[in-house]
Amino acid sequence: RDSSVTGVQTCALPIYSVPVQRALAFLHLCRHKAIYLGEDELIVGERGPAPKVTPTFPELTCHSLDDLRVLDSRPLTWYRVDDAVLETYEQTVIPYWQGRSMRDRLMGQLPAEWHAAYEAGVFTEFMEQRAPGHTVADGKIYAKGMRGFQADIAAARAALDWENDPTAHSRDEQLQAMHIAAEAVIVFSQRHADLARAKAADCADPQRTVELLTIAEVCERVPAEPPRNFWEALQMYWWCHLAVVTELNGWDSFNPGHLDQHLEPFFAAGLADGSLDREGARELLSCFFVKFNNHPAPPKVGVTAAESGTYTDFCNINLGGVRADGTDAVNEVSYLLLEVIDELHLLQPSNNIQLSRQNPDQFLHAACRVIRQGYGFPSVFNCDAVIEELLRQGKSLADARAAGTSGCVEAGAFGKEAYVLTGYFNLPKVLELTLHNGRDPRTGRQLGPQTGDPREFTSFDQLFDAWRAQVRHFVDIKVRGNQLIERMYGKYAPAPFLSILIDDCIAKGRDYNDGGARYNTSYIQGVGIGTLTDSLAAIDAHVYGRGTLSMDELLTALADDFAGREPLRQRLLNDSPKYGTDDDVADEIMRACFEAYFETVDGRPNTRGGSYHIDMLPTTCHVYFGQVIGALPDGRRAGVPVSEGISPVQGADRRGPTAMMLSAAKMDHLRTGGTLLNCKFTPTLLAGDEGIENMGRLVRTYFRLNGHHVQFNVVRADTLRKAQAAPDDYRDLIVRVAGYSDYFCDLSRALQDEIIERTEHAGF
């Protein structure tokens, strides 16, 4: 070791602890990886050696040669992989990492019952593809440079009780790793400063020369010391972002959280002393946004390599919300950011507004005017509900007010929490298993307990109790697997740099992945509650209520995918209570399903000192989950996507957006960590000031009912069909998929069809 960097004595034959080993590897990368400085950019630093290039992380999940060839040959969102990379993987990477990667480790240790449920599509597992890391920056990085963090680390090391604390050694190793990681980012920034000065010396353009010299000055200041101005503040965050996503491929990508609040003092100071004007700030913000959009997420492996149809890394910037004292936080930077979002309409960074009762309608209407353009963003969150959700989970009021949402819709305490998404849970698939006494009709395997032959059930309650027992069984399997995975990441894959940024990792001397954060949450995301509700409602109505259909007749029809039984399918589709229509019968079933899932998951302890909670979101997993389910009692055919988020079944919400939101509001959002609701409006519905005001009233009403989130596609289905037929004419068409937006023509056909099938609302 270099003691001038690490502060650690050298030894002849060094044997490094895992966290120090990880930190030294990160330092080596920062010293030697290729760096890039574009001709016109003002914010510098790339994840790879150039824009739109991304590394792989074989220590987490090692791509096979077949994976790499699939990525290179995908017809839409491809990753180019040249022969040199294939040769390196074949000769060096795969021989070393095969059997050693985190994915290999966990897949080798998870029990057979976990694998059986996973392979059947009952649930997914995020950590087979990426590391934990669903977290967000708070404001401390703008007040304290890396030298300040290193001083905190030194103080924590000095305070260790070596005589009485048996964990002192492991804590000291972790703190040493944090010190090294902080130094690594300073080294990386200085390399960019040196490059900028070298380019300035050879630059013939006086204006660009000044810019390059300023870049050098900025990079010599941050991240070592706290930023002094708007430009330095943006670059400070960007170095932290790059460090987090370079050190470990976390799910989801790090992001700046309340960017408008963090930048406000720098913006005001720049205006006051004349060093900044509004257009200059706008240009810097635009350059900042381009950096996010330059960064495709690292590619997946296995089946996901072929199916994951997006490059997005799920950065999600929060605007608005409240200050520490609960007052309105909207400021001039909030509006400036909305202008940049509208002008650039890039896929990344994703963005949202945190709408509180304290925020003015002027802010909401400004966001609605951007939404009306049809980009699918910003999405809209109920700031007051988010605070209530986090208070219920045990956060302090101060931490809850400074919190927000990230990824798709997930709530967390910014700068203070490791809130880890563990995977999706297929609620309708569990119903299919229940209808077959725990057996998977696709494979014939007995996956769940034998909860009874539904043909012998005499009441809806018996069926529901059987479904609830199956849910409990599979959640038990999921949680047992996650407990093992958490321990493996805590032991083998620490994140020393990320740990610097999250309270209270330094104070505890514990890694982010090992319970170091102030709050440690594990989320399991429920998918398909609309499909589940409508299926149970159809059974309740036709089998147990009206008695016009026997369970045997229904199960036979499902086994045949309704072949030769189209009148029955239409009856189930059109003459059953439907969630999303403000039908109390259907909505009460939805509430019962939600309660059963919530009670099964919420409050279970994880291994990091926190607990499990639920989210209700799918990303694009509702398409995959539909592929592993046969026909269902709501009239859905085999293989069709299930409902996404907490949205109704595609096309079922036939009584307008008000009825849909009234149904969705009957769910207790405050006991989740996030719910996702999609709406699709025709452009004419939002025309003029009246359209904007009506949209604002709709959102405010839903949030008064404690709804967590809503997002909008503003596009006609006819336009989407035309884009399917002639994609080259619609390459700039952006749609909201789930918790992110993407180019419509880059989506799979199944996902395109699912978006088209969502109800198109032409009136309120």
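Up top is the structure.
So, a few notes on the structure that sits alongside this text. (Residues numbered from 1 in each chain as written. Predicted model: local features only at pLDDT ≥ 70, side-chain atom pairs only at ≥ 80, totals over all residues. Heavy atoms only, no water.)

Concerning the sheet that holds strand β1 (residues 316–320)
Sheets are built from strands that pair by backbone hydrogen bonding, the pairs being arranged parallel or antiparallel.
Phase 1: Here we have five strands laid out as an open sheet, ordered β1-β2-β3-β10-β9, and mixed in their pairing. The open sheet has two edge strands, β1 and β9 (678–681), and neither has a second partner. Direction aside, neighbouring strands of the sheet carry axes that sit 30° apart on average. (Pairing = 2+ DSSP bridges. Helix = DSSP H or I, 4+ residues; strand = E, 2+ residues; numbered from the N terminus. Axes fitted to C-alpha atoms, helices over the stretch in contact; angles between N-to-C directions.)

Description of the packing of helix α20 (residues 460–492) against helix α26 (residues 584–601)
Phase 1: Interaxial distance between α20 and α26 falls to 10 Å at its minimum, and their mutual angle equals 30°. Between α20 and α26, the interaxial angle falls into the category roughly parallel. As α20 packs across α26, the resulting crossing turns out to be right-handed. Where α20 abuts α26, its residues F460, F464, W467, R468, V471, R472 and V475 lie against I589, A592, C593, A596, Y597, T600 and V601.
Phase 2: Residues of the contact of α20 with α26, tallied by class, amount to eleven nonpolar, one polar and two charged. (Parallel < 35°, antiparallel > 145°, perpendicular 65-115°, else oblique. Left-handed = near helix turned anticlockwise from the far one by under 90°. Contact = heavy atoms within 4.5 Å. Nonpolar A, V, L, I, M, F, W, Y, C, P; charged D, E, K, R; others polar.)

Comments concerning the pairing of strand β6 (residues 417–426)
Phase 1: Among the ten residues in β6, ten count as buried, and that is most of the element.
Phase 2: By the bridge criterion, eight bridges tie β6 to strand β7 (residues 519–527) in an arrangement that is parallel. Bridging across to β7, A418 finds its partner in N520. (Buried < 20%, exposed > 50% of the residue type's maximum accessible area, 1.4 Å probe, protein only.)

Looking at helix α25 (residues 566–574)
Phase 1: Among all positions of α25, only L568, R569 and L572 are buried. Buried positions in α25, seen along its axis, are confined to an arc of 100° and lie on one side of it.
Phase 2: Taken together, the buried residues of α25 touch α23 (529–545) and α24 (551–559). (Arc of directions from axis to C-beta.)

A look at unusual backbone geometry
Phase 1: Cis geometry is adopted by the peptide bond preceding P349, which originates at Q348 and carries an omega value of 0°.
Phase 2: A cis amide bond links D503 with the next residue in sequence, D504, at an omega value of 5°.
Phase 3: For F562, which is not glycine, the phi dihedral falls at a positive 65°.
Phase 4: For F562, the location among the structural elements is in the loop between α24 and α25.
Phase 5: With relative accessibility at 1%, the residue F562 sits in the buried group.

Concerning the packing of aromatic side chains
Phase 1: Scanning all chains against the criterion turns up 23 aromatic pairs.
Phase 2: Measuring from centroid to centroid gives 6.1 Å for Y702 and F703, while their planes differ by 40°, and the two rings are tilted. By the burial criterion, Y702 is buried, and F703 matches it.
Phase 3: A connected cluster of aromatic rings, assembled from ring pairs, spans Y237, W238, F254, F288 and F292.
Phase 4: Directly above the aromatic system of Y96 lies the positively charged group of R100, at a separation of 4.2 Å from the ring centroid.
Phase 5: Note that K395 overlies the ring of Y519, its terminal NZ or CZ placed 5.3 Å from the centroid. (Phe/Tyr/Trp six-rings, centres within 6.5 Å; stacked < 30°, edge-to-face > 60°. Lys NZ or Arg CZ within 6 Å of the ring centre and 35° of its normal.)

Considering the pattern of salt bridges
Phase 1: For the structure on display, the rule yields 56 salt bridges.
Phase 2: One salt bridge connects E183 with R147, and the closest N-O pair in it is separated by 2.7 Å. Taken together, the residues E183 in helix α9 (residues 168–201) and R147 in helix α8 (residues 146–158) connect sequence positions 36 residues apart.
Phase 3: Residue E595 pairs with R671 through a salt bridge whose shortest N-O separation is 2.2 Å. Of this pair, E595 sits in helix α26 while R671 sits in the loop between α28 (656–664) and β9; the two residues are 76 residues apart in sequence, bridging distant segments of the chain.
Phase 4: Taken together, the shared-partner salt bridges in this structure form one network comprising D138, K140, D399, K416, D503, D504 and R518. (Salt bridge = Lys/Arg side-chain N within 4 Å of Asp/Glu carboxyl O.)

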